[in-house]
Amino acid sequence: MTCASCVARVERKLGKLPGVTATVNLATATAHVTREDLAVEVAQLIAAVEAIGYGAEAPRSGAPGADDETVDAEGAHLSGLRRRLIASALLGLPVVLVSMISPLHFPGWEWIALALATPVVAWGAWPFHRAAALNLRHGSATMDTLVSLGVLAAYLWSAGTLALGGHHLYLEVAVVLTAFLLAGRFFEARAKRRAGDAIRALMDLGAKDVAVLRDGTEVRIPVEELAVGDLFLVRPGEKIATDGQVVEGASAVDESLLTGESVPVEVEPGAQVTGATVNSHGRLVVRARRVGSDTKLAQIAALVERAQTGKAEVQRLADRISAAFVPVVIALSIGTFAVWMATGASAATALTAAIAVVIIACPCALGLATPTALMVGTGRGAQLGLLIRGPEVLESTRRIDTVVLDKTGTVTEGRMHLVGVVPANGEDEQQVLRLAGALEDASEHPIAAAISNAARERLGSLPAVTGFANTQGRGVTGQVEGRTERAGRSAWLEDQSQVLPDELVRAQKEAEAQGRTVVFAAWGGRVRGALVVADTVKPTSAAAVADLKRLGLTSVLLTGDNTAAARAVAAEVGIDQVIAEVHPEDKVAEVERLQRQGRVVAMVGDGVNDAAALAQADLGLAMGTGTDAAIAASDLTLVRGDLRAAADAIRLARRTLRTIKANLFWAFAYNVAALPLAALGLLNPMIAGAAMAFSSVFVVSNSLRLRRFQPLR
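All residue numbers refer to positions counted from 1 along the written sequence of the respective chain. With pLDDT at 70 or above as the cut-off, local features in this predicted model cover only qualifying residues; side-chain atom pairs require 80 or more to be listed or tallied, and sums for whole chains, interfaces and linings still use all residues. With hydrogens and water stripped out, all remaining heavy atoms of the structure feed into the side-chain values.

Going by an unreviewed UniProt entry, the protein chain carries the name Cu(2+)-exporting ATPase and comes from Streptomyces dengpaensis. UniProt positions are given in the numbering used here, feature names are shortened, and annotations may be inferred rather than shown by experiment. A UniProt comment under Subcellular location (unreviewed entry) is attached to the protein chain, and it reads "Cell membrane". UniProt annotates the protein chain under Sequence similarities (unreviewed entry) with the comment "Belongs to the cation transport ATPase (P-type) (TC 3.A.3) family. Type IB subfamily."

A.B. asks: Any details on the sheet that holds strand S10 (residues 278–279)? Residues and values, ideally.
C.D. replies: When DSSP finds two or more bridges between a pair of strands, those strands are recorded as paired. For the purposes of this entry, the term helix denotes a DSSP run of H or I that reaches at least four residues, the term strand denotes a run of E that reaches at least two, and both are numbered from the N terminus. Strand order across the open sheet formed by three strands is S8-S7-S10, with antiparallel pairing between neighbours. The open sheet is flanked by strand S8 (265–267) and S10, the only strands paired with a single partner. Pairing geometry for strand S7 (residues 251–254) and S10, over two bridges, is antiparallel. Each bridged residue has a counterpart across the sheet, and for Asp254 the counterpart in S10 is Val278.

A.B. asks: Can you break down the pattern of salt bridges residue by residue, with the values?
C.D. replies: Side chains that carry opposite charge are capable of pairing whenever their charged atoms lie near each other. Salt bridges are identified by distance alone: a Lys or Arg side-chain nitrogen within 4 Å of an Asp or Glu carboxyl oxygen. Enumeration over the complete set of coordinates arrives at 16 salt bridges. Note that Asp243 is salt-bridged to Arg290, the shortest N-O span being 3.4 Å. A residue pair is termed long-range when its members are at least 10 positions apart, and Asp243 in strand S6 (residues 243–248) and Arg290 in strand S11 (residues 284–290) qualify at 47 residues. Only protein chains enter the accessibility calculation, which uses a 1.4 Å probe; a residue whose area is less than 20% of its type maximum is buried, one above 50% is exposed, and one in between is partly exposed. Relative accessible area serves as the criterion here: at 2%, Asp243 is assigned to the buried category. A salt bridge links Glu427 to Arg526; its shortest N-O distance comes to 3.7 Å. Separated by 99 residues along the polypeptide, Glu427 in the loop between strand S14 (412–423) and helix H16 (429–440) and Arg526 in strand S19 (residues 526–537) bring together distant segments of the chain. A relative accessible area of 18% means that Glu427 is categorised as buried. Among the charged side chains, a salt-bridge network with shared partners connects Asp209, Arg220 and Glu238.

A.B. asks: For the sheet that holds strand S16 (residues 475–480), give the residues involved together with the corresponding values.
C.D. replies: Spatial ordering of the open sheet is given by S14-S19-S18-S17-S16-S15, a layout of six strands whose pairing is antiparallel. Strands at the two margins of the open sheet, each flanked by one partner only, are S14 and strand S15 (465–471). On average, each strand axis in the sheet is tilted by 20 degrees relative to the strand beside it, whichever way the strands run. Under this scheme, a helix contributes an axis fitted over its contacting stretch, all axes are lines through C-alpha atoms, and angles between N-to-C directions fall in the 0 to 180 degree range.

A.B. asks: An account of the packing of aromatic side chains is requested, with residue identities and associated values reported.
C.D. replies: Note on aromatic pairs: the rings of Phe, Tyr and Trp (six-membered ring only in Trp) are paired at centre separations within 6.5 Å, and the planes decide the class, stacked below 30 degrees, edge-to-face beyond 60, tilted for the rest. Considering all chains together, one arrives at two aromatic pairs under this definition. Note on Phe665 and Trp666: the rings are 5.2 Å apart at their centroids and 75 degrees apart in plane angle, and the pair reads as edge-to-face. Here Trp666 and Phe698 contribute two aromatic rings whose centre-to-centre distance is 6.3 Å and whose plane-to-plane angle is 80 degrees, an arrangement assigned as edge-to-face. On the criterion of sequence distance, the pair formed by Trp666 in helix H25 (residues 644–679) and Phe698 in helix H26 (residues 685–704) is long-range, its members being 32 residues apart. Classification of Trp666 as partly exposed rests on a relative accessible area of 48%. The partly exposed category is assigned to Phe698, whose relative accessible area is 29%. By the ring-pair criterion, three or more aromatic residues cluster together here, those being Phe665, Trp666 and Phe698.

Pasting the structure below:
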């Protein structure tokens, strides 16, 4: 395929099969096909494409991404264009010089020029002629038809004139046109290849082989042979072969290549690790959980490829216009020739104008406007851990004015942490933490885990517990170092005649006013201290909310927590509007209520209970650290759990949309402005050829600017 009209033909042909809809992408040379009727087989789809003169093959199974054959084919195509361009330039330069500089005219120069121009027109322009012939055989016309017509018209006119003894030659037009268009196609192909570098680099992140443990023996195998349940070894500095769970060893894992997050993540037995991330120092034994196309890396690549195949609404309009463009241009060219001849102009003048019309109107820039910007934008996003699901998402990001933020796991860590220890008068803070931590260490409750983990981090080992008993939802009891100790809610302790000192009552009121949870520790008949636990705000959340405000967006905090807790978190991160005490099933209703108020809503969440609200929102953003259900329901996925990525994703999506619109504007404006000039004879065919080639290169180069996109920090 070479232009938007090719795209339209393939889509139209595939769409004629029963129950089939297809979206064809010029830049990636792919078709994404949806079949309602599974009786339509892949072989029929391929046959339909081949019936109109193009080639097709089914994608290979397994992880997506450019395979070696595709990369080799792209390289061979570039090499072929380079050879034709160099040969055409070397042979064409003498033709241009001798044709346009009168003192260089020597006897028989016309025949020398014809001899030099012939291989340029026949071999250099062969890709255009071949495609035009194929299209003609299938009863259609594309950009190649226009180019071939222009080059052959100039050459054949010159050859005929020379044979009849005339002197009005257009050989320089034929060779310059060929050279300019080959140059445009070469630079366009090279730029398109660079645009696809991100997805190729993404797939190249994966390990190529892996050391598997079989009966205690280490065996190195290709990563493709790894199976779910296999144990494999990861040495310091090696890439983790696939998604899995650590069963032995501890280390820090560098996930920056996959998520963009520079801080390594500490892992130990039981921790989940992702394929393609790098083990920094420790020796790990990992059990494979997902392999091949099921891995996170493969799913990210598939998501990016799917986004690159889609089309924004503005591109569909451009495709419809360009589909009818070529036959209209050919008719306009014939009309231009006829009008000039009718006004008494020479045939040479009429032909010059007609050729200029044919050449200037080639719609290749229209076909490249959207897919190249999408390729670069989504590829850059993948490098930064921002996954855009498709082009329709770009339209949504432009319109949103409100961002609804789920609290737990999105604005906050989603895990309880000890934030304070308040000893009663005369008690030692470390002793309160040590004994309470030891007792809570026997419990599996998240609040208990927060206290025991903090105690172990600050004080080291903890004493043993005997006689442990749990009163569901109220408190725990046990023997620690010979003491009977209790830890739990104030009401539970008061039921057992344990009176709270005034200083601890004040601490409880202050903590609960901030939406925090208080656990009291008691032994020896007295309450000895209060331990304050909270789901802490992520360090980056306040900066993220500020970033969203700078984008002109209103942030709303949505949570099932009590109003006091919600308002405390909102105040800490700078959110003014809070919707609290919302049941999970009511989150959708809250999003709908905001939409009825005329707001265009984006929703950021991470849990199963956020999935429906993410789907209902005009734009759904899922934290990549969240559940699969939330990610599946979202339009944008933030691979790392940093809320600042939401603003970056919206900025990138908006910039990609602006680039698409700029590309389409210049492609349309160029044709609209240049066609009348060409028809009026004010545009030399050589200049028209250069301008047409430049328009394609401009569109692709403008898209490549997206590779320089950087996060706000």
